[in-house]
Amino acid sequence: MSQSVNTQGTFGEPIFGRLLTAMVTPFSQDGSVDEKATAELATRLIDRGHDGLIVCGTTGEYSTMTDEENERVFRIVKEAVGDRAKIVAGVGSNDTAHTLHLTKAADRVGVDGLLVVTPYYNKPTQSGLVGHFSTVAQSTDTPVMLYDIPGRAGIPIQPDTYKVLAELDNIVAVKDAKADLGAASEVMASTDLQYYSGDDGLTLPWLSIGAVGLVGVTTHVAPELFRKLIDSFVEKDLETAQSIHRDLVPVIRAAMGRVPGCVAAKEILKWQGELENSTVRLPHVEPTEAEAAAMRADLQQSVIASTLIK
């Protein structure tokens, strides 16, 4: 993808849509993948205003699932949703060969995109990142979303690295969870990579500098509010977008500030009657009583508290 001034900005047509959720993977109480619940959750999320779903990302607990389970979940969600929304498969790993293996699995299913995270723990150089991402992108024709999350990976993707990677035709988007709006602005000014907020609470600031949307976790819990926030901004109704941004503060704290996002999302979905249980796989554990009480207190501070928990 050639480097060029980004003329799309916030008001262009995002390749994956504007509102996506990094979907949890529902498990049965014995820890196995609950295939029925997975299909039903994916369908309900799309019914509630999502443009797409990230399947088997960090929130989907992909790292504690087998490759066979990951491919099966890709297929379940793709078949449940059909052409109603974009399905982006998490294929990241800290092993390039393993990422290539998962990429082939996702391509067999026919997903709409691939989420490829910065290799974690290894802490490669920026040249190593170029090698990793380029090798994956060149192995497939499927559009790639890079996932930049130095809090987990240990290293950021630097602006010059993005500029090199943007030359590849199918590297098209970034999920940014490092909150460096200055660095992102530099990349957006010189490439046509589409940015998505990877921090739920920073959705509005990200939109203001040209991001096209959000890949969220709290979006499991209050998708309609996030949909309205994004749509209000796109429609240039900044006052409404700012109001919703503030209304979402306690909801985001409940979903992201007490326990890991996948743990909180499953627990709240259980309270909402959307999941039968909140089973997670070790090393994750379900919230303690104190953590659950704090999450409930957060939700009760929301202006839409009565709709968030039963």
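Residues numbered from 1 in each chain as written. Predicted model: local features only at pLDDT ≥ 70, side-chain atom pairs only at ≥ 80, totals over all residues. Heavy atoms only, no water.

1. Notes on the pairing of strand β4 (residues 113–117)
Here is step 1 of the chain: Among the five residues that make up β4, five are buried, leaving the element largely enclosed by the rest of the structure.
Here is step 2 of the chain: Neither face of β4 is left uncovered, since the one carrying G113, L115 and V117 and the one carrying L114 and V116 both have all their residues buried.
Here is step 3 of the chain: As paired elements, strand β3 (residues 86–90) and β4 share three bridges and run parallel to each other. Bridge pairing in β4 places A89 opposite L114.
Here is step 4 of the chain: In terms of handedness, the path from β3 via helix α3 (residues 96–109) over to β4 forms a crossover that is right-handed.
Here is step 5 of the chain: For the crossover that starts at β4, traverses helix α4 (residues 126–137) and ends in the parallel strand β5 (residues 144–148), the hand is right-handed. (Buried < 20%, exposed > 50% of the residue type's maximum accessible area, 1.4 Å probe, protein only. Helix = DSSP H or I, 4+ residues; strand = E, 2+ residues; numbered from the N terminus. Pairing = 2+ DSSP bridges. Right-handed = clockwise from strand over helix to strand, strands pointing away.)

2. Some remarks on the UniProt feature "active site" (unreviewed entry) in the chain
Here is step 1 of the chain: According to UniProt, the "active site" (unreviewed entry) feature falls on Y147 and K175. Spatial clustering of the annotated residues is evident: they stretch over 29 residues in sequence, but the largest pairwise C-alpha distance comes to 4.8 Å.
Here is step 2 of the chain: Turning to its location among the elements, Y147 is positioned in strand β5.
Here is step 3 of the chain: The residues touching Y147, leaving out its near neighbours within four places in the chain, are T58, L115, V116, V117, T118, I157, K175 and A177. (UniProt positions renumbered as here; feature names shortened; annotations may be inferred. Contact = heavy atoms within 4.5 Å.)

3. Some details on the packing of aromatic side chains
The way to describe two aromatic rings as a pair is by their centre distance and the angle between their planes.
Here is step 1 of the chain: Here the structure, examined in full by the defined rule, presents two aromatic pairs.
Here is step 2 of the chain: Relative to Y195, the ring of Y162 lies with its centre 6.1 Å away and its plane at 55 degrees, an arrangement referred to as tilted. Placement of the pair is Y162 in helix α6 (residues 159–165) and Y195 in strand β7 (residues 194–197), with a sequence separation of 33 residues. The same class applies to Y162 as to Y195, namely buried.
Here is step 3 of the chain: Each ring, one from Y195 and one from W206, has its centre 5.8 Å from the other, and the planes form 20 degrees; the classification is stacked. Residue Y195 is found in strand β7, and its partner W206 is found in helix α8 (residues 203–208); the two are separated by 11 residues along the sequence.
Here is step 4 of the chain: Put simply, the rings of Y162, Y195 and W206 pair up and form one aromatic cluster.
Here is step 5 of the chain: The ring of F27 carries the charged tip of R281 above its face, separated from the ring centre by 4.5 Å.
Here is step 6 of the chain: Here R296 stacks its cationic end above the ring of W271, 4.2 Å away from the centre of that ring. (Phe/Tyr/Trp six-rings, centres within 6.5 Å; stacked < 30°, edge-to-face > 60°. Lys NZ or Arg CZ within 6 Å of the ring centre and 35° of its normal.)

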